Amino acid sequence: MSVITTDVLIIGGGMAAAWAAIAAAEAGARVLVVDKGAMGTSGVTATGGPGHWWVPPDPAQRDVAIARQTAKAAGLGDPAWMERILDLTWRHLPTIAPWYPFGSDGQGGRFVNGVRGPEYMRALRAFAVARGADIRDHHPALELIADHAGRVVGARGMALRDETSWEVRAGAVVLATGGAAFRSGLIGSHACTGDGHLMAAEAGAHLSGMEFSISYSLSPAWASTRTLPYTGARFYDAAGNELDIAPPRTGHRHYQTLGAAMLAGPVYADLIDAPRELPAVLRRIQPLTAAAFERRGIDLFRDRFPVRLFGEGTIRGTGGIDVIDDDCRTGVSGLFAAGDAATRELVAGANSGGGAVNSAWALSSGRIAGAAAAAEARDHRPFDGTAIPLGRAGLRPGGAVRTIDTAALIARAGHAVHAYDRAFWRSETTLAASACALENDWHLIAGHGHTSGRAKVELRSTAAVVATARWVIAAARERRESRGLHYREDAPAIDTAQARRLITGGLDHVWVRPLTTQAQDVAA
Amino acid sequence: MIAHLIAQRCTNCAACVAACPALVFDPGAERPVIARADACETCYLCELACAEDALYVAPETDSHDAPPVHDLIAAGLIGRIRADSGWNDPIDAGQLDDYRLLGPLLNAGVEIATRRHEARHAG
């Protein structure tokens, strides 16, 4: 096995990983990035177009924005974190200018806060390379390694091209592996299987906000796209009757009414009411969205087409690895978390951070974790003792090896989290049924999963999907109220006594407990 | 899913091999090989990376079916994403000058849906 040493190891290849690499390198660290895909095309940013949360550094404007976001967070946000990410985003997003062709703002200046995914990730990769980061594409991490005191000292994984194993020893490790979309088909999310969540939990880290991991985007039934064209859509059933769908502004109610209609039969969108300016400029804004239609011979502004909802899981939801301090530490020595792999509960609370807040979080938490990891690495040279591998499920089964039907396990986990009837109207009955199915699947893969070669990556990804779904369902059972994205049909009202975060974790035994912090008392 | 690698156009620059997040392509002696077609996620980013317009991704996430290459060329669909994205132009050619309209147009759609819903439920 090849062993590489570095100061900071970053696991992931999306925007948070790139910003972490840039910040760590700027702080003087040697930086190694290992990614399951390829930095530049990996993850949901590369096919998207993040419009970062963007407020000028005017105290009055910032106060208004933070007050609005705090209200939206429904008692669970932290205004101090919101202020930090507004500040970091404002100062750092413009620094991509040497590599990103900012467009016009229409008034003689540059339009900065909204960036197109492929160009943004191309720029961030070039930026990270210019700062000296060493990027290894198609090098998925399979597990973390630790010293005898439990401090994370690196990771092991596979170079996919030739199926060889690697080990990295680092002074500090940043998990920027993205959220979990449970293989919903959401564009860009195939590799987002919660790998970092599982690796963090195996090291002893906790998660937060996992119950708020229900979010969806509307797309044509044959492929997930960006959603720009559809916000003004009319909806019809198969017989051509117009459906009474609550408008997008109603948030959860919009998805509930769409979900109910889709459970009853196929739903068709009609874009006849789309903004008049849109057809002429759509392909200049989102070329990939236009392609999804014209390659089917469909005029999306004239022809009705079938639609469905694609789950966004913890990506547009808020749950993830809990960060315990201002440096994005996970609570496990040597281990940091950033971007969608980390909780967004601090800045989004019980509601989706949408593209804007979550992107500002990804940039900011990436920079914070990268810089803090670089500082940490100054005090911790790469470990040269005997390292302990921490991976369990899918790598080191407790019992006899059996063949695992990974596709079936992933489908069941996706159903537990994303099935319309289970997600839009949660209840103890269906949550308990989901928990039971996931429990069986977890013990199957943890007890009997083992394979070799490239298939190891899919087996580990499957373990991560099942583990992440278990934490989602466990947290949803524990929150016996409705708040933000989490709607319980058996507890449809908000309960002020439950205005606290839920922390979850555990592998063979999943646990959930409430957290009360000073910051939260202030927010409430 | 990935449908065509047009041998006559490919210069074996291997940009697609490097770009694909799902390892669909393997390097080859004369040109890359579509080695794991079923791993394709339909993200279109290989097409964007291909300066020779030698790739075509079919629009369905569960099908490689596509018309023959000459029909697609005649329909102007080969290389369309790269051209629309402005990746054949100099980086400062203003290809993102309309990008600021994304948010306002998205919100305009939301307003349209809201007004229509209110009108429907007013009477």
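See the structure printed just above.
Residues numbered from 1 in each chain as written. Chains lettered and ligands numbered in written order. Predicted model: local features only at pLDDT ≥ 70, side-chain atom pairs only at ≥ 80, totals over all residues. Heavy atoms only, no water.

### Overview of the overall build of chain A
Piece 1. Per the secondary structure count, chain A includes 17 helices and 18 strands.
Piece 2. Since a compact globule built from 524 residues should have a radius of gyration of about 24 Å, the 22 Å found for chain A is in line with a globular shape.
Piece 3. Structurally, chain A occupies a C-alpha span of about 70 × 60 × 50 Å along its principal axes.
Piece 4. Residue burial in chain A is summarised as follows: out of 524 residues, 63% are buried.
Piece 5. A separation threshold of at least 6 residues defines the contact pool for chain A, and within that pool the share at least 24 residues apart is 75%.
Piece 6. Within the structure as shown, chain A displays about 17,600 Å² of accessible surface, and the carbon and sulfur contribution to it stands at 51%.
Piece 7. With 54 positive and 52 negative side-chain charges, chain A shows a spacing of 3 Å between the two charge centroids. (Helix = DSSP H or I, 4+ residues; strand = E, 2+ residues; numbered from the N terminus. Rg over C-alpha atoms; globule rule 2.2 N^0.38 Å. Buried < 20%, exposed > 50% of the residue type's maximum accessible area, 1.4 Å probe, protein only. Contact = heavy atoms within 4.5 Å. Areas by Shrake-Rupley, 256 points an atom, 1.4 Å probe, with all protein chains shown as cover. Lys, Arg positive; Asp, Glu negative; His and termini not counted. Charge placed at Lys NZ, Arg CZ, Asp CG, Glu CD.)

### Description of the packing of aromatic side chains
Residues and elements named next belong to chain A.
Piece 1. Using the criterion set out here, one finds 15 aromatic pairs over all chains in the structure.
Piece 2. When the centroid spacing of 4.7 Å and the interplanar angle of 50 degrees are considered together, the rings of Tyr216 and Phe424 count as tilted. Of this pair, Tyr216 sits in strand 10 (residues 216-220) while Phe424 is found in the loop between helix 14 (420-423) and helix 15 (428-448), placing the two residues 208 residues apart along the sequence. Of the two residues, Tyr216 and Phe424, neither departs from the other in class, the shared state being buried.
Piece 3. Seen in terms of ring centroids, Trp222 and Phe305 are 6.3 Å apart; in terms of plane orientation they differ by 65 degrees. Their pairing is edge-to-face. Residue Trp222 is found in the loop between strand 10 and strand 11 (234-237), and its partner Phe305 is found in strand 13 (residues 305-311); the two are separated by 83 residues along the sequence. The exposure classification of Trp222 matches that of Phe305, with both residues buried.
Piece 4. Counting every residue linked through ring pairs, the aromatic cluster contains Tyr216, Tyr255, Tyr420, Phe424 and Trp425.
Piece 5. Geometry around Trp222 places Arg296 over its ring, the cationic atom sitting 4.2 Å from the centre. (Phe/Tyr/Trp six-rings, centres within 6.5 Å; stacked < 30°, edge-to-face > 60°. Lys NZ or Arg CZ within 6 Å of the ring centre and 35° of its normal.)

### Side note on the side chain of Thr114 of chain B
Piece 1. Looking at the secondary structure, you find Thr114 of chain B in helix 5 (residues 102-122).
Piece 2. A relative accessible area of 11% means that Thr114 of chain B is categorised as buried.
Piece 3. Leave out the neighbours within four places in its chain, and Thr114 of chain B touches Pro247 and Arg249 of chain A.

### Focus: the packing of helix 13 (residues 406-418) of chain A against helix 16 (residues 455-478) of chain A
A pair of packed helices is captured by two measures, namely the crossing angle of their axes and the spacing between those axes.
Residues and elements named next belong to chain A.
Piece 1. Remark: helix 13 packs on helix 16, axes separated minimally by 9 Å, with the N-to-C direction vectors making an angle of 20 degrees. Put simply, helix 13 runs roughly parallel to helix 16. In the packing of helix 13 onto helix 16, the handedness of the crossing is left-handed. Residue-level inspection shows Thr406, Leu409, Ile410, Ala413, Ala416 and Val417 of helix 13 in contact with helix 16, the latter providing Glu458, Leu459, Thr462, Val465, Val466, Ala469, Val472 and Ile473.
Piece 2. Taken together, the residues of the contact of helix 13 with helix 16 break down into eleven nonpolar, two polar and one charged. (Axes fitted to C-alpha atoms, helices over the stretch in contact; angles between N-to-C directions. Parallel < 35°, antiparallel > 145°, perpendicular 65-115°, else oblique. Left-handed = near helix turned anticlockwise from the far one by under 90°. Nonpolar A, V, L, I, M, F, W, Y, C, P; charged D, E, K, R; others polar.)

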